[in-house]
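# Structural features, examined
Next come the chains, spelled out residue by residue.
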Amino acid sequence: MVHTLQVKGLTPFINRVKSISAQIIASMLPNFLLMDLGMAVNFPTIAVPDLLNAQEGLSLDDFQASWFGSLSFLTQPIGAFLSGPIVDYFGRKRASILVNIPHVVAWLLMYFAWDVPSLFIANALLGVGTGLMEAPITSYVSEISEPSLRGALSTVTQLFFAIGTLNIYYLGTIVTWRTAALISLAAPILASLLSLFIPETPIWLLSKKREEDALKSLRYLRGWTTSEQVTEEFNQLVVHSKDLHRCCICLAEDVTRKAEECPHIKMNLFKRYFLKFKHDMFIKETLRPFSMILLYFLFYEMSSLTPLRPNMVNICGAVGMADDGKHIVLVVGILSLVIAVLAVGLIKICGKRKLGLTGMIGSAIAYTALSIYAKNNLEDSVFSYDVATFPRETSYWPLIFLYALTVFAGFNVSWVLLGEIFPFRSRASAQGITTAWDYIISFIGTKILIDLETNFKLSGTFAVYAIFGYVGTVYLYFFMPETEGVPLHEIEKLYTGNFRTFADDPFINLFKRIFGVKLKHDIENKEETDRSETRF
């Protein structure tokens, strides 16, 4: 039975400094996980230039290099599909310890790699570990933080991805790729140690009927305070968690039963899991944000730096940028870090919707500029996988365009949205599947770079990425919600009722008046009717 706290009088004041500090400390766990993730995803960027047609030691040809640069994206969906069930079963905290194991093994194997197969296995393990990390990262931050801090804390977590990226790029300029792999081993070890000192999320504990532990966790997360000071929030969580104790199959059948009377408990385990998955995932509260975030990831990954990362050093030389490729990549890492810091403040000022739209259209424009420059200044023989074809004349213009692309790509908020738009019941599984999709897109984007360049040259390749950015901007304009400062249970309501579009500004309102098009949210209207239809 779930209990609520009964307190007479007003709820005592919570010290904001202590509350914010406690949430920042707790969020350091996913921060270190994401730093490790940033180092793993970008490791091929520093390894490929040294391995491509190397004169001694391990060497990769063009075909092997293209596979090595994209292989981790291919194996990441394996980890991503597993991450949801692992996080739901073990909890957000314990799962954060388990997901570090593949990366510990991978970094060691990368350091000792003795041939091409061992090198590929190590990179594949990095991919599996990266996929496993996503659900714990996104779930933990969204569930421990207050609505007013969730956007900023989630953005800070993304900042650590930029720190990981900068770390690996910097290591690439001062040590060999083997030594960089050994140094990277520190990140998963630190994350595992830190997880021993932070609490589990209150909502997960309540879903397991561990009320006392949930209250203790909430007291920690709100500044190591007393039970009386978190009474109101705890009681809201208790009310929200009541449906989590009910059988989702009974809810779908619109039957009210006590837990001990539920006939589905004795059902075949696999059949029950299948029905549970069906009734949690195939509902509008899950499918609507699911489709939005899938398309967001598609447009973002294909219009950001992701397709260029494995071969970025060589691309800088092929386009004729006026600096050494490794130095340019290092500056890209520094810029990514600076933009990630700025995004923490911008997300509070502008909100996620405006920031995401700005990043998408800006990336499209930057790729357009690169495409035009490449078309007008590069010979058709230029091929980024062949150093001998690189132009001798260099220019600062493509360098400026690449840095602009880096800045706008840093305004991406897809990962922040991922942690907050799904209902609790389907959150971990939906995040895992969505993350798997993102990595599949990333694999395709990085793997076909060599094919796009072979058929359309660099100018055509950049043009393809620009098109994804423009189409993505139009889509997000209509279907991306503003979730900044909105409680998680209220975000769930955004996708109930007769939802159509989130576009609501002077331009779209003028369009509706001119053409008489009815595009409306139906979020506030008929709220009582919608609440009876929704299951949460």
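About the cut-offs
Each chain carries its own residue numbering, running from 1 in the written order of its sequence. Given that the model is predicted, a residue must reach a pLDDT of at least 70 before its local features are reported, and side-chain atom pairs must reach 80 or more before they are shown or counted; all residues, however, enter totals for whole chains, interfaces and linings. The basis for every side-chain value is the complete set of non-hydrogen atoms in the structure, without hydrogens or water. What pLDDT reports is the predictor's confidence in each residue, on a scale of 0 through 100. Helical segments are the DSSP runs of H or I of at least four residues, strand segments are the runs of E of at least two, and each set is numbered from the N terminus. Any pair of residues with heavy atoms lying within 4.5 Å of one another is described as a contacting pair. Only rings of Phe, Tyr and Trp enter the pairing, Trp through its six-membered ring, and a pair is recorded when the two centres are within 6.5 Å. The plane angle decides the type: under 30 degrees is stacked, over 60 is edge-to-face, the rest tilted. Remark: exposure states derive from per-residue accessible area (1.4 Å probe, protein chains only) relative to the maximum for the residue type, with buried under 20%, exposed over 50%, and partly exposed in between. Over a ring means this: the NZ of a Lys or the CZ of an Arg is within 6 Å of the ring centre and within 35 degrees of the ring normal. The rule for a salt bridge is simple: a side-chain nitrogen of Lys or Arg has to be within 4 Å of a carboxyl oxygen of Asp or Glu.

Averaged over the chain, the pLDDT score is 81; the fraction of residues at 70 or greater is 83%. Taken element by element, the predicted model of the chain shows its lowest mean pLDDT in helix H24 (residues 527-533) (42) and its highest in helix H18 (residues 397-409) (95). Throughout residues 1-11 the model reports pLDDT below 50, and contacts reaching past four residues in sequence, or to other chains, amount to 19 contacts. Throughout residues 517-536 the model reports pLDDT below 50, and contacts reaching past four residues in sequence, or to other chains, amount to 44 contacts.

A word on the packing of aromatic side chains. The way to describe two aromatic rings as a pair is by their centre distance and the angle between their planes. All told, the structure shown has 20 aromatic pairs when counted by the stated rule. On the numbers, 6.1 Å between centres and 50° between planes, the contact of Phe299 with Tyr475 is tilted. Taken together, the residues Phe299 in helix H15 (residues 284-301) and Tyr475 in helix H21 (residues 449-479) connect sequence positions 176 residues apart. Exposure class is identical for Phe299 and Tyr475. Each is buried. Judged by centre distance (5.6 Å) and plane angle (40°), the rings of Phe383 and Tyr385 are tilted. Overall, Tyr385 belongs to the buried group, its relative accessible area being 7%. Put simply, the rings of Phe299, Tyr475, Tyr477, Phe478 and Phe479 pair up and form one aromatic cluster. Taking the ring centre of Tyr477 as reference, the NZ or CZ of Arg353 above it sits at 5.5 Å.

The next point concerns the pattern of salt bridges. Once the charged atoms of two side chains with opposite charge are near each other, the side chains can pair. Summed over all chains, the structure comprises six salt bridges. Two residues, Arg222 and Glu233, come together in a salt bridge whose shortest N-O distance is 2.6 Å. With Arg222 in the loop between helix H11 (211-221) and helix H12 (231-245) and Glu233 in helix H12, the pair connects residues that are eleven residues apart, well separated along the chain. Glu233 gets classed as partly exposed once you look at its relative accessible area, which sits at 25%. Glu420 is the partner of Lys352 in a salt bridge, and the nearest nitrogen-oxygen pair spans 3.4 Å. In this pair, Lys352 is assigned in helix H17 (residues 325-377) and Glu420 in the loop between helix H19 (414-418) and helix H20 (424-447), connecting sequence segments 68 residues apart. Each member of the pair, Lys352 as well as Glu420, carries the same accessibility label: buried. A cluster of three or more residues bridged by salt bridges with shared partners is formed by Lys348, Lys352, Glu420 and Glu484.

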